Structures are given as C-alpha cells and as structure tokens.
Protein chains: 4
Amino acid sequence: MIKVGIVGGTGYTGVELLRLLLRHEAVALTQITSRGEAGRRLDDLFPNLRGATDLAFTDPADAALAECDVVFFATPHNVAMQTVPGLIEAGVRVIDLSADYRLRHVPTWEQWYGEPHTSPDLCALAVYGLPEVNRPAIKEAQLVACPGCYPTSVQLGFLPLLERQLVDTDHLIASSASGASGAGRQGKIANLLTEAGDSFKAYGVGGHRHLPEIEQGLAAIAQSSVNLTFVPHLVPMSRGIHSTLFATLVDTAGDLQGLFEQRYKDEPFVDVLPAGQLPETRSVRGANACQIAVTRPQGRSTVVVTAVIDNLVKGAAGQAVQCMNLMFDLPETQGLNVIALMP
Amino acid sequence: MIKVGIVGGTGYTGVELLRLLLRHEAVALTQITSRGEAGRRLDDLFPNLRGATDLAFTDPADAALAECDVVFFATPHNVAMQTVPGLIEAGVRVIDLSADYRLRHVPTWEQWYGEPHTSPDLCALAVYGLPEVNRPAIKEAQLVACPGCYPTSVQLGFLPLLERQLVDTDHLIASSASGASGAGRQGKIANLLTEAGDSFKAYGVGGHRHLPEIEQGLAAIAQSSVNLTFVPHLVPMSRGIHSTLFATLVDTAGDLQGLFEQRYKDEPFVDVLPAGQLPETRSVRGANACQIAVTRPQGRSTVVVTAVIDNLVKGAAGQAVQCMNLMFDLPETQGLNVIALMP
Amino acid sequence: MIKVGIVGGTGYTGVELLRLLLRHEAVALTQITSRGEAGRRLDDLFPNLRGATDLAFTDPADAALAECDVVFFATPHNVAMQTVPGLIEAGVRVIDLSADYRLRHVPTWEQWYGEPHTSPDLCALAVYGLPEVNRPAIKEAQLVACPGCYPTSVQLGFLPLLERQLVDTDHLIASSASGASGAGRQGKIANLLTEAGDSFKAYGVGGHRHLPEIEQGLAAIAQSSVNLTFVPHLVPMSRGIHSTLFATLVDTAGDLQGLFEQRYKDEPFVDVLPAGQLPETRSVRGANACQIAVTRPQGRSTVVVTAVIDNLVKGAAGQAVQCMNLMFDLPETQGLNVIALMP
Amino acid sequence: MIKVGIVGGTGYTGVELLRLLLRHEAVALTQITSRGEAGRRLDDLFPNLRGATDLAFTDPADAALAECDVVFFATPHNVAMQTVPGLIEAGVRVIDLSADYRLRHVPTWEQWYGEPHTSPDLCALAVYGLPEVNRPAIKEAQLVACPGCYPTSVQLGFLPLLERQLVDTDHLIASSASGASGAGRQGKIANLLTEAGDSFKAYGVGGHRHLPEIEQGLAAIAQSSVNLTFVPHLVPMSRGIHSTLFATLVDTAGDLQGLFEQRYKDEPFVDVLPAGQLPETRSVRGANACQIAVTRPQGRSTVVVTAVIDNLVKGAAGQAVQCMNLMFDLPETQGLNVIALMP
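Residues numbered from 1 in each chain as written. Chains lettered and ligands numbered in written order. Predicted model: local features only at pLDDT ≥ 70, side-chain atom pairs only at ≥ 80, totals over all residues.

Trainee: How do you make sense of the overall build of chain A when you look at a structure like this?
Mentor: Looking only at helices and strands, chain A has 11 helices and 13 strands in total. Its C-alpha radius of gyration of 19 Å places chain A within 12% of the 20 Å reference for a compact globule of 343 residues. Projected onto the principal axes, the alpha-carbon positions of chain A cover approximately 60 × 45 × 40 Å. Of all 343 residues assigned to chain A, the portion counted as buried reaches 60%. Contacts in chain A between residues far apart in sequence, at least 24 positions, make up 71% of those at least 6 positions apart. (Helix = DSSP H or I, 4+ residues; strand = E, 2+ residues; numbered from the N terminus. Rg over C-alpha atoms; globule rule 2.2 N^0.38 Å. Buried ≥ 20, exposed ≤ 12 C-beta atoms within 10 Å, placed from the backbone. Contact = placed C-beta atoms within 7 Å.)

Below, the structure is given as structure tokens:
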C-alpha cells in the first residue's frame, strides 16, 4: 500500500482527491492537513464522506508528512513552495495540484503571481503532469506539477494540430468556460448562487494566470513560439470545463478526424468523439475523461476543436491520481474507471 | 457471473442501472432492450458510457430474456405486467422498478392507474423491495417490486416512529421535494429547463400515485391504518429527493435521536446524522444512501424528520441492485459503495 | 414628489428597492447610504442600474436623512434601531425592512436576536406592514415594520382559515422554501453556487427567527394562541418563496375555495388561483404578487394551502413600496404593476 | 392607440411581447392567435399575466388581423411567409420576429431552411430591424424583419470595428452562448432541465442558421465580404446571450474604447461599459439593453469584444417593440425603460 498524505484538504480539489483516493485499492490515506479545520472529522465537513473514512484533519505542524510515500498538495498557490523543499529533501514524492511549480521560467511566475518564488530551484526539477505529453518523465519524477484545469483542456485540444504544425501558431484562440467550482470553496460574493447563477460572463480577459502556463505547454508541443488569446467564462454549473478552440489551418489537405483519432487511440482518458458529435461537460462529470471533437465549419480554413473535462477530475484530482499511478508503477487507470454521473 | 437483462434502458433509471451494473464485478450484462432505440449503441445515446460498454439496444421481441438469471424492468408502469408473467414462468427472477407490482390490493392499483391490471395474480407473489423492512423476503423472492423514490424516503423517515407507535397515525404529513429526473426522460414542456428551472412548485396535491404505495407501506410498518397527507414539490435540480415529515407525538418521553440511531445502526445504507445536523440532497448524489435527521422543534409535540436520497439510486437503481445482491447471496453492498459526488 | 432616502442599499433588498423606486413616478430618490461603498456609483456596484441613475452611495454620517419625507431601512437587524429614534423625533416617516421592530414583545425579540433592543419604546409605535391585515393603521403610521418574507407568505396563506376559526391552531405546520437571495448578499460558503446549487435542504428546523414573528401575526389574526411548526428550506434558485401550509379542519363543511376568493377579491396583490391550479414561484418573479391555492386532499380533514411570493418584492421591497403608497395617499398599486418575468 | 395583433403567442417570444405590450401606454392589444390554444385565456397558459389581461387566444382563421395597425409574428420560420403577403396587401404593417424575411438572397434562405420561400418578392421589401444600423429605413418600413438573437449581439459587437475597417474580415470569430429559452417552448428531450441543466456544450458548429444572417449583416456594415466562424453554445440558464468576438486588428494604433463609446453614445439601448469592466448576462435580464466591452489582451493584435443581451428582449420582443416605436413615431424608448431584474 502506498502511504499518502494530503496537504490542504478543505477545498473542492481536496474533497475530490478524497473521493478518489478513499476508493483506490493501492492507497492508504494516512494524513490530511488543514490549519483551519485541525481536529475536525472529514465527514463532518464533507457529509458525502460519511461511512467512507474516520479520519480527521491534522494541523500541518503535527503531520508526519515525511513518512508518506507521496504527498499531494491541494492548496492555493504560494503554500506548496514553502513545504515542498523539505519533503523533496526527505525523499518524499510530491504531486502539487497548485500553480507553484507549473512554470519553468521563474520570472514569469513571479510576474503573474506578484511575489517572489521561494523555491525556484525546484521549478526545473518539477515535471509537468500531463501524461499525454510527459508520460515517461512523470514515471520517474519526484515532483510533479499538475496542470491547471483550463490548461489541460486547451493543450489536449490543440495538441494533434500543433505536433503536426498544421496551424498558424501566432493567432491561436481559446474561448473556455468553467463551472463555479473552478473558483474554489471560498466565501466570495461573486461566486454566490445569487451572483453566478442564471448568468454567464467572461472574466480575466485582460490576463488570466493560466495563460502563461498554456502558452508554455503549447510552445513545447509545437516546438515554436505561440500566441494565444485566452478568454475564460463562468458557467452557472458546479463542475466542468468546455474549451472551444480556434486556429487557422496552414495546411487544409489533411483528415483532421483521423489525425485526432490516431493521436489519442492509446490514451485511456482522451476520447475523440465520432465525426458529427460534440461533447458536453455532463458526459464527463465525475470521470477522469477528456472528450474531444474537431470540426472545420463550412470547409473553411478555420478549424474548431471543442474539448470537455471535469475540472476537478481530469483537470485536477483525477489527473493527479493518474500521475501517482504512473509514478508508482500501478495500472494507469487504477481507481479512475468511474463512469460519469448522468444526468 | 450473474447474467443480467434490462428491459427499457433509455430512461434515467435505465442509464443509472447501467452505471452501476457495468461496474459490478459479479454481473454480466447481456441484454438491454428498447423498442425505439433497437440497434443503437448505448454509448451513442449516453456518451457518459463511452469506454464502458460496446453493447447496443435490442428489440424486445428479439431479446433472449429467458436466458438471464435476473431481468430488471426500468419501464413506465403498464409495461412490466405484460412481460413479467412469462419470465416468472420460465424461472427467471425479476426486479421491477416500475409501479406495476407495488400495490398488493389490485383494485387500488386499477383505481390509481386507471386501467385493468393484466397480471393481478403476481401482485401477491411480489415482494416489496425495501430491504430495511423486507430483507428476508427479498432474499427468497422471485419477483421484487422496487419502491418508488418518494415512498423510499417517506417510509425510511417514519419507520422508527411507527414501529414503536410513537405518533398519531391519523394525521401524518409528508412534504417532499424532488429533482427533475423524477419526471423521467420525456420531452414534456413542463420539464424544460426554461419551465422547471429557477422555480419551485407543489404538484399533485390532490392525489399522487405514490400516496397509496406509501400508505400501504406505513400501515404495514405501524400495524394499523394510517392517513397521510402527501405533497410533492419540484426542485430545479437534476437529482435528489428531500422529504420533510411531520407527526404528532403521542408519547413525548423518548429519546428520538437514540431511537433512530439504534434502529438503523446495522443498516449499510441508512445513516442517521448526529443531532443538530440536517441532510442535504447533494450529500447523497450518486450514492445508495439515505441520510436522516430527527428534530423536535421548540420541544413541542410535533416531531420533524428530514430524509434525503438520490431518487435514481436509493430511490431506484441502487435499491434494485441492493435487492439483487440480496437475492443472489452477494455482499449487500457490492457495487454500491460509491462516494457521493460533491460538489 | 416624495423625497426618499434608503439606508443600506448594497444588499438584494436594497437593489430591489432601487429598481422599484427609480421607476416610481411620485418618488425622488435623494439619498442612499452605505458605509462600505460610500462614494461609489450605484451602477458601478449594480450594472443593471446603468442608465437609470447617476447617484452614488453616501456615508451614513453625511446623509441628510432628516430632510427626507420617508426613509427605508434595508439593513441587517440591529442597524435600524440605532438610527430610527432620531428620525422619528425629526418627524421623518420610516419604513424598516429589517427585523428590528417586527416583534411587539421586546423580551421575545431580545431572546431570538441575542442582544438588548436599543429602542424598545418604538416597538409599540411600529405598525406591522402587512396591508392585507393592517391597511388603516399603515396609512397613519410613522414607523412601519415590514414583514419578513416567510412570514408574509405564511400569514397570507393561513389568514382566511384563521379569521374564520376553521382550523386547529395548536398544530399548524408551514413547510416553506426560499431562493438563495433570502440569505442576503454576503460572502458565505454555504451560499456559493457550488454549495447551494443543485441541492435542497431544510435549515433552522430547531428554531428560525421568523417563527416568533409568524406566530405573533397568526395569533393576532386568529384572536387566539397558536402553535406553528415552521421548517424553511433552501432552493437552488435566486428568488421566490413557496409555502406549503397544513392544518386540521375543525369544521369541514365550508367551501374553502369560495372563502379564499371572497376574502381576497379586493386585494390588488393577492391572487387566489382557480380551483385545480397550483402556484409556481416563477409566476411572480419580480412582481408584487402573492398567488395562493387551497386544496383538501382526498377530502380528508387536513387542508393544504400553497402560497408563492417573490421574497424580494411582496416579501420585502415591493411590500415596502406598497406601504409607502398607503402612507402617502398614493394609489396603492403605483409603481408596482410590473408583470412577472417568465421564463 | 395603436391596434396591435400578435400571431403565435404561445412561445417565449410571444409571452415576452405580451409582457411589454400590455404595459405599453400607446398600444391596444386586440388580437392574439394560436391554433393550438384557441379559446384559452392567456393567463391560464401564462399565470404571470394574471391581472394584466382578460384576453384569450383566437384561432388564426377567425382573427381580424387586417383591422390591426401592426401585426407581430412570433412564430417559427415558415409561418409568417404564408400570411404576411395578404396583410401587406391590406396595408397592415408587419413586424416579423421569425427568420422568414431576414435574408435578402432568397436562394440562400432556401438552402439553409430547406424549403422554397413562398413569398420571395417581399424579401426585398423587408427592412432588417436593427435600429442601430437601419433606423431611418425602419421608420418608413411596412415590413420589418427583426434580427435573430445571436445576430443582434454579434453585429452590435463587431459594428464599430467593421465600420472603420480596423480588422481582418476574412477570419472573424464569434463564440456565443445562449440560455435555453433560445430553443423555444417545445417539448424536446435535449432542452429538459435534466439534459441542459448543469452542463455546457457547443452545438451547430458545422453550420447554424444564424450564420448567413450574421454574415449578410456584417458584410453590409463592412462594405466588403466577410468570413465568420460562428460557434453557439448552450448555457444552463433561462435567458441571456453572451457573445465573445475575436478579430485580428489590421490597424493597432486606435483607441478602441473611445471608438466604441463614440459610436454608441446616442444609442438608447447600447451601453459601452467603462474600460476594465466586463458584461454579464444577468445585468440585462428583462431589459432591452446591450452591454459591450472591448479589450486587447496583452496588447496583442487580437481584439476581443464581449457583448450581452437578453435574447428575448433586445434579441427579440424588445427590439420588435423598439422598431414599432420607430414605425409609429413614438419615443423610441416608450414601454422599454424597464430595469433589469437582479439577482
């Protein structure tokens, strides 16, 4: 059994990790920390866990994290980078679901997050945890930086086009939409049911922190510089991300449907829909899946890719467990073959 | 492996059965019928099933149902009673999720459903599939009539009070509320997002078909006649039933919290919340669980019980699988220890 | 033109008052205060007001409230009672939408609100602003205490039965449900879209602050003591209250439909639906209307009344404007004949 | 008083027209037809209209439409073109909210709608009812073809850029999202709360009927051919359209914020938000308003415009009333200065 610890288990990413790890047959969850909820039973905070665990939150200061085989960080940015260096030194493997180690270029991180990075050396060590791109490196990694939710959907959608240099990388466009759980479990007026419900809006058009992460990933895939215009939107639903991607084809001769199917045919969690079908976020609710469609409207030169994931699963906790499975030589799908909840 | 067939798999109860049975390790799903969708792949109709099955719907006329060990009926009322007699004769076990065999008194059934019952003899044979009441009989049953969703929540909520004769059975009140999946997957204007969304209403106040079923069950529990006023409501959400039950205590001396905890302490799927907590439907979304709280506001003589289930799981497909586990001597919880999806 | 001030305009009751008063032809809105938002334009906080007003919030300390003809308080409880005495002394009329002056019995107020009342004398002066009960007194009042949202729906629903002593007042039951705007515009986790959305729950079963207000009102109507069991629920929608009321008839001879129609035939904002119809909250969204249905299921002795209002209109801002119209001898419906928004 | 008739009043556009016209002081609504609901009171079908009208639906065959000053068609496509020619001949003015007369090029209409046009001659007579583009022609028009909901938002968003030839018209992109009322009031499974709720998807990527209408409008504005990639999405909400528009600037020197503000400064129903603010659909719920923001992310060459309307108001019924006001020399804003409902 793999001894697992979780730092910061009171957010939506945390409770989703719990849902998956408490049913993962190779995992023994031994520690879960929270400064604010130390001593409180998990199932008191999250009644959906009643019957599934008797654990209580531990104060981070008291947690025996160094005794774990792997520690997940499900914290806001800026927290992991304080604690991870010590764990790395102690030989513990770390899967960070926050943004702290996603950007390789430290000054870019510092510019977008508005503060100095306190463990910049580890940024080079960290492996970006997108298995469809980095599977071999993830297996060997000691520190995995899990991709953000928007970045997962955008990178998986553009990937086949960029790998084959089929599109103009100077004018990529991503119009993405997320359910409200993407904003976290914090008491902000903007995320009240009465504010975010029955409405739709764009936000962060001037600059969202996922932009540099996506551009870094797309550039690595394309092996060239890229310019992305990224507009996220807030949807009145709990879970799900839908990315609508636009690019101008520089080569219109190819069979795009075949290209996508071929690229992802061996990927257990990326599913190219049959031609003519379009994905819906609800088809992957609760599942570690990305469903993708590729279309060329009116046969023109603009290609449209639509991709959906559950932001808390393939966009966060599920992808983290997928990385863990790779790191510990478990079947990649173990604990993850959950069927999406519909309706 | 138990060979399982499903009749009528295109509704919400059907797809929920599929979600559970396709991951049940003792089950081999061999047949699923639909007159309207015969030949179509399941995962074409329900994209959440992609990767989980290659089955297609079969025309009922062509289905080899008699070769199954057990057949589930996930059909509207009036369908099962046409086909079940033949299966019973062939020795197949049947779990009917529809209303056809729920009422023991055939004239009452005919009055509420407005048509003659075509296999009235089987009504006496059928075992009412509420394991918390009828576990031994379910194990032996050839034909199980699964309870309706409202009836499950109302009966589990009143049960400890009625078994102990603690309340006035002449004036029981159930104010229940259901998500829209309770209305089924049919194209009715009243159930459009634009009609049922962002609104709340009572319906069927003059008489709902679940009333005679609930009264039959409560009377059996109380061993006396009962009068229930039952008001169902429609909630703008997909899944979940919440029942708020009111009764006048004839004996106010007892420890109600202790009574409920004691009654359900060995039940794997009924969970009495700690005193002071109240259940929410989302805590059981996707799970085969009933969460219950009992309260005596202001210390007066009216007791209030609130109970939640997922109408498609403990109120339908999950309860049916629980019955199947009992009928085939499997662990009662097999395939059902799913953690609810939150948020 | 009536010079109007508003204290506390940043909540949902405040913005709803603005929507109504900015289109009321007899009103000149001159002051609107907010400590937190002083100096900010109203339409910056509430973009739905763009084009409707150029006003900005004023610091309460700087507001010339004493120069107004009437001041509305749209504040949390405990605020009005600090400022109202001075305004009353200055001859200003006050319409308080908060709870401060709703209870005539000061010790009861202090018990439920957990603090001393700082202007207890005014509790006797205040007129309870339910026009269907207190119209003459409201016309003459200097201080109106507007009813809470739940209390409005429950009192209007029980009123005809209680006035005629038709029901057992010892066991009244109200199972009510409210949209999330009833919880106010504050950043609380429990009211996030991700928490309150797609779920349904009861709350405050042990005791809600609206209980003593409702019992006070029902007792006044019935001219006798009453015992009410009141269970509020949270519905995943923005606006609307639905109350399902249960009582045992002590006289079952009467024509309840006729009684309700007769009682409300001259009320401009209470609408008894034709027999057989049931109200939905969306039918009154944005309108100052209460729609009511009365039913006697199975012809038994339990009568069921269902009543809907928009909690922010007939349950708050609209009722306050209706009171203002009465106080200033305007047509009672002026500024209030808005048609509900559907869908 | 203008004598007004409505053909097809049972859909969402119809009930919205009723909400506006029943409160319009210059209008006498005399006829409203429906084949299916003839004889039924309007307020029986739409309880939000109780107290606002005593009218009943008339069978189209019996309606005295020729006696009206103006007739609105709130019908599916293919209906108006059967009846409009007779009305035009009788000298009645017509405002068609359907798609029948929106396209000037009849073969294009026939290609996208898959049937012959039965009154092609009137396509040239019809004036496209977008006042911000065609105000003078609308005033004189006998037949107005009201724009579709998506087309209104997309054209108003691109208009200032196209009029000044600032963008590459070969690669325009519109990623739009609509509430479910855009799909109409018909009992289709795809629009059930249980299907469209709590989910997000694109649809019609291969080709939506609004595409040729938008391209025709944009080309007229730009005075050049245009290529638009248009992807509509379905949002789990009742009302509202949000369009996110992308274009490549061919001239990056200008002050885009100033350009938009200048272009719309005299438009009563188009509102350019201050720099840095982004529109939300709820800010215009129920109002005849379009709120717009223009942004140039990262100072790059891609300009992003976001625009919101209420699809049933500025996208349908409100715009139709605005056209009527122009046609009958009424103040353009009469009956339309409703403040949006928030929350």
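Trainee: Got a minute to help me understand the pairing of strand β3 (residues 70–73) of chain C in this structure?
Mentor: Across a regular strand the side chains alternate sides, sitting on one face of the sheet and then on the other. All names here are of chain C. Residues of β3 alternate between two faces, with V70 and F72 on one and V71 and F73 on the opposite face, all of them buried. Pairing geometry for β3 and strand β4 (residues 93–96), over 4 bridges, is parallel. For F72, the partnering residue across the bridge sits in β4 and is I95. Between β3 and its parallel partner β4, the chain crosses via helix α3 (residues 80–89), and the hand of that crossover is right-handed. (Pairing = 2+ DSSP bridges. Right-handed = clockwise from strand over helix to strand, strands pointing away.)

Trainee: Just to check I follow, could you spell out the interface of chain C and chain D for this structure?
Mentor: One frequently used descriptor of interface size is the decrease in accessible area upon assembly of the parts. On the chain D side, the residues contacting the 24 residues of chain C number 24 residues. Along the lines of polarity and charge, the residues of the side of chain C that touches chain D split into 12 nonpolar, 7 polar and 5 charged. (Nonpolar A, V, L, I, M, F, W, Y, C, P; charged D, E, K, R; others polar.)

Trainee: I'm lost on the relation of the copies chain C and chain D in this one. Help?
Mentor: Two chain copies here: they are related by a rotation about an axis and a translation along the same axis. Take chain C, turn it by 180 degrees, move it 0.0 Å along the axis, and it overlays chain D with an RMSD of 0.0 Å. Such values leave the two copies arranged in the relation of a two-fold axis. Same-surface contact between copies: 100% of interface residues of chain C are shared with the interface of chain D. (Least-squares fit on C-alpha atoms with pLDDT ≥ 70 in both.)

Trainee: When you look at the relation of the copies chain D and chain A in this model, what are you seeing that I'm missing?
Mentor: Relative to chain A, chain D is turned by 180 degrees and slid 0.0 Å along the rotation axis, the superposed coordinates differing by an RMSD of 0.0 Å. When the interface residues of chain D are mapped onto chain A, 100% of them are again interface residues, pointing to one common binding face.

Trainee: Where do I start with the interface of chain D and chain A in this structure?
Mentor: Taken together, the 40 residues of chain D in the interface contact 40 residues of chain A. Elements with a minimum of two residues in the side of chain D that touches chain A: β7 (172–178), α8 (193–196), β8 (201–202), β9 (228–234), β10 (241–248) and β13 (302–309) of chain D. Among the elements that line the side of chain D that touches chain A, the one with the most residues is β10(D), at 4 residues. Tallied by class, residues from the side of chain D that touches chain A come to 16 nonpolar, 18 polar and 6 charged.

Trainee: What is the right way to look at helix α9 (residues 210–222) of chain C in this model?
Mentor: Each α-helix turn comprises 3.6 residues. Residues three or four places apart therefore point the same way. Residue and element names in this part refer to chain C. Its 13 residues give α9 an end-to-end C-alpha distance of 18 Å, which sits within 8% of 18 Å, the value for a rise of 1.5 Å per residue. Among all positions in α9, only H210, L211, P212, E213, I214, E215, G217, L218 and I221 are buried. Phi turns positive one or two residues past the end of α9, at Q223, with a value near 55 degrees. (Expected span 1.5 Å × (residues − 1).)

Trainee: How should the confidence of the model for chain A be read in this particular structure?
Mentor: Atom-level detail of predicted coordinates should not be read off regions where pLDDT is low. Per-chain confidence: chain A averages 97 in pLDDT, with 100% of residues scoring 70 or above. Under the prediction, the complex receives an ipTM of 0.97, its pTM being 0.98. (pLDDT = per-residue confidence, 0-100.)

Trainee: For this particular structure, what's the right way to read the sheet that holds strand β3 (residues 70–73) of chain A?
Mentor: Each strand in a sheet pairs with another by means of backbone hydrogen bonds, the pair being arranged parallel or else antiparallel. All names here are of chain A. Strand order across the open sheet formed by 6 strands is β2-β1-β3-β4-β6-β5, with parallel pairing between neighbours. Only two strands of the sheet have a single neighbouring strand rather than two, namely β2 (27–33) and β5 (127–128). Pairing analysis gives 4 bridges linking strand β1 (residues 2–7) to β3, with the strands arranged parallel. Bridge pairing links I6 to F72 in β3.

Trainee: Help me understand the domain arrangement of chain A, please; the structure alone is not making it clear to me.
Mentor: For chain A, the assigned domains are domain 1 (2–125) and domain 2 (150–311). Split into classes, the residues belonging to the side of domain 1 of chain A that touches domain 2 of chain A amount to 4 nonpolar, 2 polar and 2 charged. (Domains from an automatic or database assignment.)

Trainee: What am I meant to see in the sheet that holds strand β9 (residues 228–234) of chain B here?
Mentor: Residues and elements named next belong to chain B. Strands sit in the order β8-β9-β7-β10-β13-β12-β11 across an open sheet of 7 strands; the sheet is mixed. Since the sheet does not close on itself, it has two edges, and those belong to β8 (201–202) and β11 (270–272), each with one partner. Note: strand β10 (residues 241–248) against strand β13 (residues 302–309), 8 bridges, orientation antiparallel. Pairing of L245 across the sheet is with V305, part of β13.

Trainee: Mind showing me how you'd approach the packing of helix α1 (residues 12–21) of chain D against helix α11 (residues 313–327) of chain D here?
Mentor: Each packed pair of helices is defined by two parameters, the angle between the axes and the distance between the axes. All names here are of chain D. Contact pair α1 / α11: the axes reach a minimum separation of 9 Å and the direction vectors enclose 45 degrees. Our classification of the angle between α1 and α11 gives oblique. Here α1 and α11 pass one another in a crossing that is right-handed. From α1, T13, E16, L17, L20 and L21 reach across to α11, where they touch V313, A316, A317, G318, A320 and V321. Tallied by class, the residues present in the contact of α1 with α11 amount to 8 nonpolar, 2 polar and 1 charged. (Axes fitted to C-alpha atoms, helices over the stretch in contact; angles between N-to-C directions. Parallel < 35°, antiparallel > 145°, perpendicular 65-115°, else oblique. Left-handed = near helix turned anticlockwise from the far one by under 90°.)

Trainee: Looking at this structure, I do not really get the pairing of β9(D). What am I missing?
Mentor: All names here are of chain D. The buried fraction of β9 amounts to 7 of the 7 residues, a majority that puts the element mostly inside the structure. Of the two faces of β9, the one carrying L228, F230, P232 and L234 and the one carrying T229, V231 and H233 are both buried. Sheet analysis places β7 next to β9, joined by 7 bridges and oriented parallel. Opposite L172, over in β9, you have L228 as the bridge partner. With 2 bridges joining them, β8 and β9 adopt antiparallel strand pairing. Across the sheet, A202 pairs through a bridge with H233, a residue of β9.

Trainee: For this particular structure, what's the right way to read the environment of A:G276?
Mentor: Residue and element names in this part refer to chain A. Within the secondary structure, G276 sits in the loop between β11 (270–272) and β12 (290–295). Take G276: there are 10 C-beta atoms within 10 Å of it, and that puts it in the exposed class. C-alpha of G276 to C-alpha of Q257: the two residues are 19 residues apart in sequence and 10.0 Å apart in space.

Trainee: What should I look at first to understand the packing of helix α6 (residues 131–140) of chain A against helix α11 (residues 313–327) of chain A in this one?
Mentor: Residues and elements named next belong to chain A. Contact pair α6 / α11: the axes reach a minimum separation of 9 Å and the direction vectors enclose 40 degrees. What the angle tells us is that α6 and α11 run oblique. Crossing of α6 against α11: the hand is right-handed. On the side of α6, the interface is formed by P131, R135, I138 and K139, while α11 contributes Q322, C323, L326 and M327.

Trainee: Looking at this structure, I do not really get unusual backbone geometry. What am I missing?
Mentor: With the exception of glycine, the majority of residues adopt a negative phi angle, and the majority of peptide bonds are in the trans configuration. Residues C:M342 and C:P343 are joined by a peptide bond in cis, for which omega reads -5 degrees. Following the sequence through the fold, C:P343 ends up in the segment after α11 (313–327). The phi dihedral of B:D329 falls on the positive side, at around 55 degrees, and the residue is not glycine. Residue placement: B:D329 occurs in the segment after α11 (313–327). The class for B:D329 is exposed, based on 8 C-beta atoms found within 10 Å. For D:Q298, which is not a glycine, the phi torsion comes out positive at approximately 60 degrees.

Trainee: Would you mind showing me how to read the environment of D:A74 here?
Mentor: Residue and element names in this part refer to chain D. As for its position among the elements, A74 is in the loop between β3 (70–73) and α3 (80–89). What makes A74 buried here is the crowd of 29 C-beta atoms within 10 Å. Sequence separation between A74 and T118 is 44 residues; the distance between their C-alpha atoms is 18 Å. Residues in contact with A74, not counting those within four places in the same chain, are I6, V7, G8, G9, G11, T13, G14, L17 and L97.

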